[in-house]
Amino acid sequence: LGIHALLIVIVTLSPVTAAPWSENKVPGEDEYPPLWDLAPENLLDFPIKDNKIVIDAWNYQERLGVYKSLLHSSAKYFSAFGPQNTGNILWGLPLQHGWQFRTGRLADPSGATSCGYEDGDLLCQSVRSWWSCMNYYLSVIPFLGAVEAGLFGQLPFEVEILPPEERKDDFCYSVADCWSRMPELMDDWKAFFEVNNYLLSTEHKALSPATFSSLKLDDALGLLWKAHVTSIFYALPKFQDSLKYLSDPEANFGEDWSNAVDFLAATHFLTDLPTINEFQVFLPPRILVEGDVLPSISDFSPQQNKVLVSLRALHKANKLTGGLLLKLWQKAMSTEAGRKIGRKLIESLTSS
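An unreviewed UniProt entry lists the chain under the name LEG1H protein, from Neopipo cinnamomea. Recorded in UniProt under Subcellular location (unreviewed entry), the annotation for the chain is "Secreted". The heading Sequence similarities (unreviewed entry) in the UniProt record of the chain holds the text "Belongs to the LEG1 family."

So this is what it looks like as structure tokens:
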């Protein structure tokens, strides 16, 4: 399988060419996750009990606050990449979570409770939701890694995450707890925040400003995606049984999406505010149900149908080749020049 053919297979992963972002453009409310303005921004805005900052990560608004505190405290690193923190590469995480909330993917899929539904507790995130559990490893774990890395400075209190009502052993709840259970994962997220502090705060006078910015952003994206992939690697086997609560089309989509992350990661896909907002327009606007048949889901746009078909085909092809497809792609994307070519080829093919 030639590299060019491989790129053509992969191309449908990124069906959007991000629109140019004006330096003076002010993002509108609809470009942020739902309820973003209501989420806590500083850690001391969360409840403090027994000399601990206590966070209920099973409440959408509080988990969103975890993200908001990360975006707020890391803004200084990304000021050169867009106005009003729009160039912060952490935006991909809360925007994805907002899409999950908006489309009902965080509610109890088993129907046993009213968690996450309008006639119950809309802000509740169900521990039976595969999406919510997977996202825990892309919200709480990065956050605790940032705490350990000193992103928030010297905190006057410890941070404690409240456990869910079920499956308590599948999660960790403090910096020390997470280090003891999953040191490699914590180390990856801690490294992302620590190295950013060096990469994005140190002047490299030997390089031109444009070259320096390009290099350090690519390095930062590489660290971010490395940690992202490790989070999914840890979480995926833990919550495989949660897929039973979903329809077959939705369960397939979840697994296809997890597989696609490896391919996106290899390109150091840009995860700032404008790029992810452009990208998410083409994701399913609701949960998939029995009877949804690709590529003809009537209330989905042609592009949304196309993305689902492409993700399914990519996942199947990667499984059939025993993972060879991903290895070839990663080899092609192993240099900054290769990643740049890969992203440009994706853009040129999808814009035609």
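Trainee: Please provide a residue-by-residue account of the state of the cysteines, values included.
Mentor: Counted under the stated rule, the structure contains two disulfides. Disulfide partner of cysteine 115: cysteine 124, at an S-S distance of 1.9 Å. Judged by the sign of its S-S torsion, about -90°, the cystine formed by cysteine 115 and cysteine 124 is left-handed. The exposure classification of cysteine 115 matches that of cysteine 124, with both residues buried.

Trainee: Mind laying out the packing of helix H9 (residues 248-266) against helix H12 (residues 324-332), listing which residues take part and the relevant values?
Mentor: Where H9 meets H12, the closest approach of the two axes is 9 Å, and the angle between their N-to-C directions is 15°. When the interaxial angle is binned, H9 and H12 end up roughly parallel. H9 and H12 meet at a crossing whose hand is left-handed. Of H12, the residues touching H9 (which contributes Asp262, Phe263 and Ala266) are Leu325, Leu326, Trp329 and Gln330. A class-by-class count of the residues in the contact of H9 with H12 yields five nonpolar, one polar and one charged.

Trainee: Now, about empty space enclosed by the protein: what can you tell me, with residues and values included?
Mentor: This structure, assessed with the given rule, holds one cavity of 30 Å³ or more. Roughly 370 Å³ of volume is contained in the largest cavity. What lines the largest cavity is a set of 23 residues, among which Gln96, Leu138, His228, Trp257 and Val261 lie closest to the centre. The set of elements that each furnish at least two residues to the lining of the largest cavity consists of helix H3 (92-102), helix H4 (130-136), helix H8 (209-238), H9 and helix H10 (273-280). Both of domain 1 (29-237) and domain 2 (246-351) provide at least three residues apiece to the lining of the largest cavity.

About the criteria used
- Residues numbered from 1 in each chain as written.
- Predicted model: local features only at pLDDT ≥ 70, side-chain atom pairs only at ≥ 80, totals over all residues.
- Heavy atoms only, no water.
- UniProt positions renumbered as here; feature names shortened; annotations may be inferred.
- Disulfide = S-S within 2.5 Å.
- Buried < 20%, exposed > 50% of the residue type's maximum accessible area, 1.4 Å probe, protein only.
- Axes fitted to C-alpha atoms, helices over the stretch in contact; angles between N-to-C directions.
- Helix = DSSP H or I, 4+ residues; strand = E, 2+ residues; numbered from the N terminus.
- Parallel < 35°, antiparallel > 145°, perpendicular 65-115°, else oblique.
- Left-handed = near helix turned anticlockwise from the far one by under 90°.
- Contact = heavy atoms within 4.5 Å.
- Nonpolar A, V, L, I, M, F, W, Y, C, P; charged D, E, K, R; others polar.
- 1 Å grid on protein atoms, 1.4 Å probe; cavity = no way out; pocket = protein on both sides within 12 Å on 5 of 7 lines; lining within 4 Å.
- Points joined across faces, edges and corners; volume = space filled by probe spheres on them.
- Domains from an automatic or database assignment.

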